[in-house]
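Each chain, letter by letter, is given below.
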Amino acid sequence: MLKQHVLVELKQFIQAISSHRGNAKKLTSSSLLRTSLHLLEDLPAARDIVFEYFSLVAEVAVQSYCVAEQQTSTIAKNSNNQTAQNPIAQEDPCFEVIQQALENVVNKVPGAWGVVVASWSLDLVGNLSDKYTKRKMSIGVACNYWLSCSTMRGLLTLISICFRKLTNLEAESCVETLLNAYQRYSLTFDWVVARLGGCFPLKIISQILQCSLKRFADDFHCRFESEIGILEYLCFAHEQVLRVVVKELLQEGFQPKKNLDTLIIPFLFVFDNDELRATIIQKSPLWLSNTTFSEIQPSLNNIALRLKNHGTQLLITASKMADQHVWCQDFLEFSLQELEQIVLNARLCPLMDDLVTENTKYMLWKSSLSTNIHEQQTAVRLLLIPANIPTFTIKAFLNCYSYALNSSGLGAVIRMFSGLSGVVEFPDIKAGLQMVLEDVLLQEQFKRARLANSSHISEALNTFKNLNTLTKMQKKNSYTCMKQHQLMNALNECLPKILQILEVTLNKLILRMDIESTERSMVRIREQQNQANNNTVDIDSNTNKKPRFGLSSDDRNEEEEEEAYDARRLILAHTIIDLLNTIEAGSKSSVIRTTEILKLSVLSVKYFYISLTEKTFTQRSAAVNRAYILLQRQCRARKACRTACLRELIEGALFYYGYLFGQFEEPLTDELQIPMTEMVLLQNQRQSLGPNANRTVLHAGVIGRGLRPENMCTGETCPSEMQNLFIKALDVCCSDVERPLVIEAYSTISLLLVELVSTDVMYNGLPFPDEDFTKVTMERDLLIRRAFIISPLLWALLGFIASHRPALCFSSVLLRGLCATCLHQWRAKNVNKYQLVDVNDELMQCTKKLLRILAIGQLLPPPLSNLHVIIQHFDPPEIALIVKECVWNYLKDHVPSPALFHVDSNGLQWRNPQINKIPSQYIDTLRNLMQKKLSKLGQHYYTMFIMPEQQNPTLPNQSLGLIPSNSTALAADASNESKDMEMGS
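Quick caveat, the model's predicted, so the values are computed rather than measured.

**Re the overall build of the protein**
- Secondary structure assignment for the protein yields 44 helices and four strands.
- In the protein, which comprises 985 residues, the share counted as buried stands at 46%.
- Total accessible area on the protein stands at roughly 50,700 Å², and carbon and sulfur atoms take up 54% of it.

And the structure:
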């Protein structure tokens, strides 16, 4: 903690500086100087104000020096016989004390104070020299003039001490500060650079040339008088250093690695004298007119092949000129043919040493991306001369060039993959592909794959589009020079890396899907709550989501930008799936590890669900068809893939992506709604009042809070298009051309439904128990029923497996739970004698769907298979009786088992109703109830009972309604209850 007197001293020091700023004598008083040194040592955080004071003291001293120099010059002019002397000690000696203190600080802690003191000194020297220089002076005169000033000499001494104490990295930052000051005070700061250059010649000279080069890049017509003057001044003592720096600069110009390097050669010409530059420009065009190409062509080819250094650059330069000069084309073709012959004959030449260097490979890689066809083809042919293709060359062809937008580069990449002309062995491209895919993976993982302009194509998308184009061409065998399946085999070997890229892309898209689904669900829940509350506005809920028109412009732009990125990611996912389909990933012929097999299955299902979110029907259909092809190929190839795909599809539809199929998402609400600040004592008192205090949270609601919210998921339906696409995906996974009649896959779906929907590991067998046993499984049955209410897709799944008999038998526990809950609910409706049956009621719809599925799966034979058509015409007691006597008892006595089905001549499994007649005890109750409603059900009665008996008259008396006495009594009871309801209504 700072001592109080230090802060008081700082306050007094600031006030003194502010009040004495115009008074030089008070400003340089010993008390202020002593205070500043104390603050510099005790309070480093106040160094800015202390350095500002030091600058004022230095300016006072320099001002005194300049006044004395002016007086001396005036006396010299008036006295012709005397020589003007340099100014002498009229300067205030205060700055010497400051200099000594700063030197001590730098010597003690150079790392902390060196850069600070050097930067301050450089800026101060530049400011003072610019402010007090009244006339233009040469570098030598300026050095003599300012070094006579003890203050300026002290500042330069401080700078030199700092430069010696600092590390190389810290010294480079100080050199940058020096050159920045030189750019600000270019007219009066050259003497400082020249003086310091004598102390640090290599750093200063190289930095001067780099800054001049940057100025030349900005303005070709700029002049370099100051720079040339500094270098001339330094050249007297450091000529060898200047030679070394210029040589390194020339090497960078001959082998440019960045755009600025290409300007080095013309910059050095401009930096030189104008006479030499004019001579070179004048005489260079005369060379071609003095001789013909045919005379010198053998010599040129021989020289080019004998160049050990820069020979490749010579050929590339000639290729760039080939459009304007025909002789360059001939020269290139002859040279390249001779070089290829040397390789085929297993001979060597000096140019091949240049081709294998890394700098040359990098230069050829850049040239292979050129739009100039001569430069591009020359670079490709030179790249093929060594034994293998550099990996970054493949990266260049795939990442940085879009063949979809410009197909001119296709010839180059095809020639690259085809290898050298006349050589049987094709180049190995696997290492290059792995490098490309690894680079793409890193971009997608850590760089968010963002671009400055959303219209640009990312490298990842460009890479996979190019790979897709090339693999399709190779698959069609469009180019005979390409090795068959070369690229496809290499991509199959790189499948793990492709799957990693696909996984990263799909996970980002799914995250966006979940966020949008949550927002839509919250909006729907609020709307339903408002409707349930008589259109009142839920203020608390509305505050959770900010309306779009309330967003700031930055937030809106960020949201639109995210949408654009997601659209590009979706295109990337489509492209990767296209590539996987093109290379036939997951087929029987491909050898894949088990981990990749399962990962491909999971990613295929994820892509299917993402495809369902496409905006238009055309895009959605195209994306889903890609997923179908991928799923079908791997499911037919391996049983493990089929099992994994089916599980992922069903789990996703029920638990992760149910919002795509109309699944109701219940809001997480606090039914008790107890305030956080309410005391526990008050809560207990409220819950323990009254005679029924032991039943505070049962059935209808919560005491003190009212009724629980209604189940707002009633009436939800699965979108038909999404349902059809999902069912088709399941069918694609299950169908097999080689074994079309095997129902093992459909039975797997049935078993998965039992595993995922039923919450109990016991009592999941096939038989229907006695009705009394449903009291044991009541909770499980209610949960099954609720699962079907929340997820309407479950009905479609049951219908799907019911159509592939006998797969429905394995879902017997689900049918049993639905049947038991419906039976109990229909019986419960007898409590209210005046309650009418609503055809659109959830219970009625559930009962009809259950009966329809039992009929489709042939678990209910005729005439019970028509129950779903006529059940709505009965009253609740009658429906309960039918479900109990006809449906439950039949299924209890005839266990839903695959053993009931047999294979017909077509290979289909089904139950023949002509052979397996239903006993009368299961239909007499239904017959009696329908006879009492012949006015409504006469046509159905004829179809269900009369017509079959006419076609097969084995039991003629049953058509007259002669039924056992127990069935008559049960039907009479149900009829009496129905009459009571009609009289009450």
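There is more to say, and it comes next.
**Some points on unusual backbone geometry**
- In this structure, the amide linkage connecting Arg805 to the following residue, Pro806, adopts the cis form with an omega of 5°.
- Looking at the element boundaries, Pro806 is found in the loop between α37 (793-802) and α38 (812-828).
- For the bond running from Pro862 to Pro863, omega is 5°, close enough to zero to count as cis.
- Looking at the element boundaries, Pro863 is found in the loop between α39 (842-856) and α40 (867-870).
- In this structure, Glu584 is a non-glycine residue whose phi angle is positive, near 55°.
- Considering the arrangement of structural elements, one finds Glu584 in the loop between α29 (553-582) and α30 (594-611).
- Located in the positive-phi region is Gln858, a residue other than glycine, with phi close to 60°.
- Along the chain, Gln858 falls in the loop between α39 and α40.

**What to know about the pattern of salt bridges**
- Under the defined criterion, the tally for this structure stands at 20 salt bridges.
- The residue Glu878 makes a salt bridge to Lys933 at a minimum N-O spacing of 3.8 Å. One end of the pair, Glu878, is in helix α41 (residues 876-893); the other, Lys933, is in the loop between α42 (924-931) and α43 (934-951), with 55 residues separating them in the sequence.
- Residue class for Glu878 comes out buried when judged on its relative accessible area of 3%.
- Counted as one network, the salt bridges with shared partners bring together Arg512, Glu516, Asp566 and Arg569.

**Quick word on the packing of helix α34 (residues 720-734) against α37**
- Relative to each other, α34 and α37 sit at 40°, their axes nearing to 11 Å. If you check the angle between α34 and α37, you find them oblique. The chirality of how α34 crosses α37 is right-handed. Side by side, α34 and α37 meet where Gln723, Phe726, Ile727, Leu730 and Asp731 of the first sit next to Leu793, Ala796, Leu797 and Phe800 of the second.

**Topic: the nonpolar core**
- One finds Leu580, Tyr609, Phe726 and Leu926 to be the most contacted residues of the largest nonpolar core, which totals 140 residues.
- One finds Tyr132, Val192, Leu242 and Leu263 within the second-largest nonpolar core, a separate group that totals 88 residues.

**Remarks on the confidence of the model for the protein**
- In the predicted model, the protein carries a mean pLDDT of 76, and 74% of its residues have values of at least 70.
- In the predicted structure, residues 449-456 sits below a pLDDT of 50 and forms 14 contacts with residues beyond four places in sequence or in another chain.
- This model gives residues 689-700 a pLDDT under 50, and the stretch forms 13 contacts once residues within four places in sequence are excluded.

**Thoughts on a nonpolar patch on the surface**
- A cluster of nonpolar side chains, contributed by Val761, Met762, Tyr763 and Val776, occupies part of the molecular surface with about 430 Å² of accessible area.
- Note that Val761 resides in the loop between α35 (744-757) and α36 (778-790).
- Look at Val761 and you get exposed, because its relative accessible area is 79%.

**Notes on the side chain of Lys933**
- On the basis of relative accessibility, which here comes to 13%, the residue Lys933 falls in the buried class.
- Ignoring any residue separated from it by four or fewer positions in sequence, one finds Lys933 in contact with His873, Phe874, Asp875, Glu878 and Gly938.

**Some thoughts on helix α3 (residues 30-42)**
- Between its terminal C-alpha atoms α3 stretches 18 Å, which fits the 18 Å expected from 13 residues at 1.5 Å a residue.
- For α3, the complete set of buried residues consists of Leu32, Leu33, Thr35, Ser36, Leu39 and Leu40. What you see down the axis of α3 is that its buried residues fit within an arc of 160°, all on one side. Of the exposed residues in α3, the ones pointing more than 90 degrees away from its buried face are Ser30 and Glu41.

**Description of the packing of aromatic side chains**
- According to the stated counting rule, one finds 20 aromatic pairs in the structure shown.
- Between Phe51 and Trp120, the ring centres sit 5.0 Å apart and the planes meet at 45°, which makes this aromatic pair tilted. Of the two residues, Phe51 is situated in helix α4 (residues 47-78) and Trp120 in helix α6 (residues 110-132); the sequence distance between them amounts to 69 residues. For the pair shown, Phe51 and Trp120 are each scored as buried.
- Summarising the aromatic geometry, the rings of Tyr65 and Trp146 are spaced 6.4 Å apart at their centres and angled 40° between planes, so their arrangement reads as tilted. Remark: Trp146 occurs in helix α7 (residues 139-147) and Tyr65 occurs in helix α4; sequence separation between them is 81 residues. Grouping residues by exposure puts Tyr65 and Trp146 together as buried.
- Here Arg816 stacks its cationic end above the ring of Phe768, 5.9 Å away from the centre of that ring.

**Considerations on the side chain of Ser55**
- By the element assignment, Ser55 lies in helix α4.
- Judged by relative accessible area, which is 17%, Ser55 ranks as buried.

**Notes on the environment of Gly311**
- Considering the arrangement of structural elements, one finds Gly311 in helix α17 (residues 311-320).
- Residue Gly311 is classed as buried on the basis of its relative accessible area of 0%.
- It is 8.6 Å that separates the C-alpha atoms of Gly311 and Leu355, two residues lying 44 residues apart in sequence.
- Setting aside residues up to four positions removed in sequence, Gly311 forms contacts with Leu351 and Asp354.

**A few points about the state of the cysteines**
- On inspection of all chains with the given rule, the structure shows zero disulfides.
- The thiol of Cys733 is not disulfide-bonded; the next cysteine sulfur, from Cys635, is found 3.8 Å away.
- Free cysteine Cys734: the closest other cysteine sulfur is in Cys733, separated by 6.5 Å.

**Some words on the packing of helix α11 (residues 201-218) against helix α13 (residues 264-271)**
- Contact geometry for α11 and α13: axes closest at 10 Å, N-to-C directions at 100°. Comparing their axes, α13 and α11 come out roughly perpendicular. When α11 is examined against α13, the residues Leu209, Ser212, Leu213 and Phe216 are found in contact with a partner set consisting of Ile264, Pro266, Phe267, Val270 and Phe271.
- Taken together, the residues of the contact of α11 with α13 break down into eight nonpolar, one polar and no charged.

**A word on the environment of Arg620**
- Along the chain, the position of Arg620 falls in helix α31 (residues 617-637).
- For Arg620, a relative accessible area of 9% gives the class buried.
- Each C-alpha atom, one on Arg620 and one on Phe608, is 9.9 Å from the other, the two residues being twelve residues apart in sequence.
- Contact partners of Arg620, with chain neighbours within four places excluded, come to Ser611, Leu612, Glu614, Lys615, Glu721, Met722 and Leu725.

Reading the values: rules and limits
- Residues numbered from 1 in each chain as written.
- Predicted model: local features only at pLDDT ≥ 70, side-chain atom pairs only at ≥ 80, totals over all residues.
- Heavy atoms only, no water.
- Helix = DSSP H or I, 4+ residues; strand = E, 2+ residues; numbered from the N terminus.
- Buried < 20%, exposed > 50% of the residue type's maximum accessible area, 1.4 Å probe, protein only.
- Areas by Shrake-Rupley, 256 points an atom, 1.4 Å probe, with all protein chains shown as cover.
- Salt bridge = Lys/Arg side-chain N within 4 Å of Asp/Glu carboxyl O.
- Axes fitted to C-alpha atoms, helices over the stretch in contact; angles between N-to-C directions.
- Parallel < 35°, antiparallel > 145°, perpendicular 65-115°, else oblique.
- Left-handed = near helix turned anticlockwise from the far one by under 90°.
- Contact = heavy atoms within 4.5 Å.
- Core = buried A, V, L, I, M, F, W, Y, C linked by side-chain atoms within 4.5 Å.
- pLDDT = per-residue confidence, 0-100.
- Patch = residues over 30% accessible without salt bridge, like charges linked within 9 Å, V, L, I, M, F, W, Y side chains within 5 Å.
- Expected span 1.5 Å × (residues − 1).
- Arc of directions from axis to C-beta.
- Phe/Tyr/Trp six-rings, centres within 6.5 Å; stacked < 30°, edge-to-face > 60°.
- Lys NZ or Arg CZ within 6 Å of the ring centre and 35° of its normal.
- Disulfide = S-S within 2.5 Å.
- Nonpolar A, V, L, I, M, F, W, Y, C, P; charged D, E, K, R; others polar.

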